[in-house]
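Chain residues, written in single-letter form:
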Amino acid sequence: MNEYDSELIRSILRSHQHEFTDGLANAEAVLLNTCAIRENAHQRIYHRLDDLRGLKNRGHKIIVGVLGCMAQNLREELADREPVVDLVAGPDSYKRLPQLLASVRETGDRGFDFSLSEFETYSDIAPQRVPGSNAWVAIMRGCDNFCTFCVVPYTRGRERSRSLENIVNEVHRIAAEGFKQVTLLGQNVNSYCHEQNDFADLMQRVAEVPGIRRVRFTSPHPKDFPRKLLRVMAENEKFCKHIHLPLQAGSNSVLERMNRTYTKQEFFDLVDEIRAVIPEISLTTDVIAGFCGETDEDFAHTVDVMQKVEFDSAFIFKYSERKNTIAVRKFPDDVPDEVKTQRVMYLNEIQREISLRRNRLEIGKMFEVVVEEPSKKNPQEWLGRTDHSKRVVFFDESAKPGDFVKVRINEAGTNTLRGIVEDQPLRALRVLANFTENNSACSTLYCTTQTCNTIS
Ligand code: SF4
């Protein structure tokens, strides 16, 4: 969502004759678009502000702005703690940024805007997208669920959806720009509702847009999965067979304290139903370890769900109090930090085994992969994504981001698969051999061409 918001901000500022620089050297202002969902997101911003303070102390005249959820949540407290900050604006204030910047520049006074809107969806702004493999489209903003640990309802306000026609028009523009994949975004994306249209109606209309080959969405809430939506996903191959289904905890009492509105059994039932309607689905999840009052017995329920459901991957985090949330007001943060750490480590260990086991099932299969970016380990290779959202590393001389290529999987790790584009196996062998030699690492490569089928 922040990437999408940054695209909106770029568009708003460009329309007011602001230009963007490649680095800080020529910049008159730097704007940090922030997240408040976990403490480490805050810490990263504080470190960045330290760097910017050093820059200002060395005489660089630059306006420092903090935008987004951290700005909205901490407000004046952020400015008080960080004198380097000149401008603070929340997620509903981006249209005011040109005026705020002008005012800070002209008066030297700090600028603030924390107003939350019941209506702002930025549906009249065309985001300035970075060309690539995927286009984000926020279909709604805010959230009404008030999970007790979560800051989003206070930083992004009440839930409001854009009109279906407005979204579909944006997807037509995206297709005309050359994007083949869209990801529909919302804090609670599957509760989308505008007039008589629900999320399934929107999905169907988006999939009808010519040129769009893949449709993803994130993040859904387990409470909003009517069978109609699952059928729509099952019946149209444009919908990626991947659902990110946040579990958060396995114990009923913890789920109740979190206000997640489902029980452990209801979560199991939903997973069964999803897998019955879409057997090839890949499921990923979010888990919070050490939420207020979580006992060893509660934690054992989370472990039980992880082992029984066997998610393809999971984001597992320690609970950290977020200012202004219901949990801060109602429940003591009473699980010791070392217990939280042990629980996170244990869940990660379980998940690593499950992910590896599930990824190994993909060896020998052919997938259509969207090319995303050069692999970080070896920039001669590409990183792409299957429609199950599994990351695949492969070599393809002629590929570029956004292309669709067919890759046969020949290696599986915990987080990434490795494969060979059907018509380029020998070149891929050479590239990999060169890479492993230079990195003093060993590798086994399964060559899956019709002619050899050997191990090198
Ligand atoms: S549904 Fe998601 S965004 Fe909304 S309150 Fe719960 S965790 Fe936060």
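Quick caveat: nothing in here was measured; it's all calculated off a predicted structure.

Peer 1: Sorry, what's going on with the pattern of salt bridges here?
Peer 2: One side chain can pair with another of opposite charge once the charged atoms of both are near each other. Evaluated as defined, the whole model comprises 38 salt bridges. Among the salt bridges present, the one from Lys 95 reaches Asp 124, with a minimum N-O distance of 3.1 Å. In this pair, Lys 95 sits in the loop between strand 3 (87-89) and helix 5 (97-107) while Asp 124 sits in the loop between strand 4 (111-113) and strand 5 (135-138), placing the two residues 29 residues apart along the sequence. Classification of Asp 124 by relative accessible area gives exposed; the value is 56%. For Glu 310, the salt bridge identified is with Arg 358, shortest N-O distance 3.9 Å.

Peer 1: Is there a simple way to think about the site of the ligand in this case?
Peer 2: Surveying the vicinity of the ligand reveals the residues Cys 143, Asn 145, Phe 146, Cys 147, Phe 149, Cys 150, Val 152, Pro 153, Gln 187, His 221 and Arg 260. Looking at the shell around the ligand, its residues break down into seven nonpolar, three polar and one charged.

Peer 1: What's the story with the environment of Ala 175 in this structure? I'm lost.
Peer 2: Locating Ala 175 in the fold gives a position in helix 7 (residues 164-176). Among the residues examined, Ala 175 registers a relative accessible area of 18% and is labelled buried. The sequence separation of Ala 175 and Ile 212 amounts to 37 residues, and the corresponding C-alpha distance is 6.1 Å. For Ala 175, the contacting residues outside a window of four places in its chain are Val 209, Pro 210 and Ile 212.

Peer 1: Please explain the sheet that holds strand 18 (residues 404-412) as it appears in this structure.
Peer 2: On the basis of which strands lie adjacent, the closed barrel formed by five strands has the order 15-16-17-19-18 and mixed pairing. Going across the sheet, the axis of each strand differs from the next one's by a mean of 55 degrees, ignoring polarity. Here strand 18 runs beside strand 19 (residues 416-421); their pairing, made up of five bridges, is antiparallel. By the bridge assignment for strand 19, Val 407 is matched with Val 421.

About the cut-offs
Residues numbered from 1 in each chain as written. Predicted model: local features only at pLDDT ≥ 70, side-chain atom pairs only at ≥ 80, totals over all residues. Heavy atoms only, no water. Salt bridge = Lys/Arg side-chain N within 4 Å of Asp/Glu carboxyl O. Helix = DSSP H or I, 4+ residues; strand = E, 2+ residues; numbered from the N terminus. Buried < 20%, exposed > 50% of the residue type's maximum accessible area, 1.4 Å probe, protein only. Near = heavy atom within 4 Å. Nonpolar A, V, L, I, M, F, W, Y, C, P; charged D, E, K, R; others polar. Contact = heavy atoms within 4.5 Å. Pairing = 2+ DSSP bridges. Axes fitted to C-alpha atoms, helices over the stretch in contact; angles between N-to-C directions.

Purely spatial values, then, with no claim about function.
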